[in-house]
Amino acid sequence: MEHSVTRPPALDWSVDNCTIARAMGVLGERWTFVVLREVFNGIRRFDQMREHTDIPRQVLTNRLAMLVDEGVLRRSPYRDPGERERHEYRLTEKGFDLYPVLVAIWSWGDRYLADPEGSPLELSHRDCGATVATHLRCAEGHEIDSPRDVVARPGPSARRR
């Protein structure tokens, strides 16, 4: 029996300007989503993040600076009584747009990496208390049940090889 190998159509377009690669240049470092988790959960001050996560001081400094430089977080000044001015970190619109990504990573970790007794935290809808999850949906509103129901195709800036 002869077996022919089909050439995937994706090989016909360039990935030189791939937005996944660009996004991972910003988000791909181990501690980035831990920092974002903290900010999404209301922990916005450097010392509180250090205390809650044990991220090394210089690593946290670098992650916060990069997220500010990339426009994901903004620095907001505050001053506790008798102290010098410091900054806390707030999400920008670009940062809030990462929430579904954080939820997807969190869900994946809960499914495959949680301790036997389960996850230490869960995400729930403030209004009704139901568990929060991500779902894929096309622009026409159809629910996507499987990655096999999605096909990649050249986008507006695709270049042919």
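Scroll up to find the structure this text is about.
The rules behind the values
- Residues numbered from 1 in each chain as written.
- Predicted model: local features only at pLDDT ≥ 70, side-chain atom pairs only at ≥ 80, totals over all residues.
- Heavy atoms only, no water.
- Helix = DSSP H or I, 4+ residues; strand = E, 2+ residues; numbered from the N terminus.
- Rg over C-alpha atoms; globule rule 2.2 N^0.38 Å.
- Buried < 20%, exposed > 50% of the residue type's maximum accessible area, 1.4 Å probe, protein only.
- Patch = residues over 30% accessible without salt bridge, like charges linked within 9 Å, V, L, I, M, F, W, Y side chains within 5 Å.
- Areas by Shrake-Rupley, 256 points an atom, 1.4 Å probe, with all protein chains shown as cover.
- Salt bridge = Lys/Arg side-chain N within 4 Å of Asp/Glu carboxyl O.
- Contact = heavy atoms within 4.5 Å.
- Polar contact = N/O pair within 3.5 Å; in protein donor to acceptor, adjacent residues only side chain to side chain.
- Axes fitted to C-alpha atoms, helices over the stretch in contact; angles between N-to-C directions.
- Left-handed = near helix turned anticlockwise from the far one by under 90°.
- Nonpolar A, V, L, I, M, F, W, Y, C, P; charged D, E, K, R; others polar.

1. A word on the overall build of the chain
Link 1 in the chain: Tallying secondary structure elements over the chain gives six helices and four strands in all.
Link 2 in the chain: Its helices and strands taken in sequence order, the chain reads α-α-α-α-β-β-α-α-β-β from the N to the C terminus.
Link 3 in the chain: Taking 2.2 N^0.38 as the reference for a compact globule, 161 residues should give roughly 15 Å; the C-alpha atoms of the chain span a radius of gyration of 20 Å, well beyond that estimate.
Link 4 in the chain: Considering only C-alpha atoms, the chain reaches an extent of 80 × 40 × 35 Å along its principal axes.
Link 5 in the chain: Relative to its 161 residues, the chain shows a buried fraction of 25%.

2. Concerning a nonpolar patch on the surface
Link 1 in the chain: On the surface, a nonpolar cluster with roughly 390 Å² of combined accessible area is contributed by W108, Y112 and L113.
Link 2 in the chain: Inspection of the secondary structure assignment puts L113 in the loop between α6 (99-112) and β3 (136-137).
Link 3 in the chain: With relative accessibility at 60%, the residue L113 sits in the exposed group.

3. What to know about the side chain of T92
Link 1 in the chain: Structurally, T92 is set in the loop between β2 (86-91) and α5 (93-96).
Link 2 in the chain: Assessed through its relative accessible area of 19%, T92 is described here as buried.
Link 3 in the chain: Those residues in contact with T92, other than ones at most four positions away along the chain, are G71, V72, L73 and R74.

4. Description of the side chain of E88
Link 1 in the chain: Within the secondary structure, E88 sits in strand β2.
Link 2 in the chain: Of the polar contacts made by the side chain of E88, one reaches the side chain of R45; its length is 3.3 Å.
Link 3 in the chain: The contact partners of E88, leaving out residues within four places of it in the chain, are R44, R45, R74, R75, S76 and Y78.

5. What about the packing of helix α2 (residues 32-40) against helix α3 (residues 46-53)?
Link 1 in the chain: It is the contact of α2 with α3, at a shortest axis distance of 11 Å, that shows an interaxial angle of 115°. The hand of the α2/α3 crossing is right-handed. Contacts between α2 and α3 involve V34, V35, R37, E38 and V39 from the former and M49, H52 and T53 from the latter.
Link 2 in the chain: Here the contact of α2 with α3 is built from residues that sort into four nonpolar, two polar and two charged.

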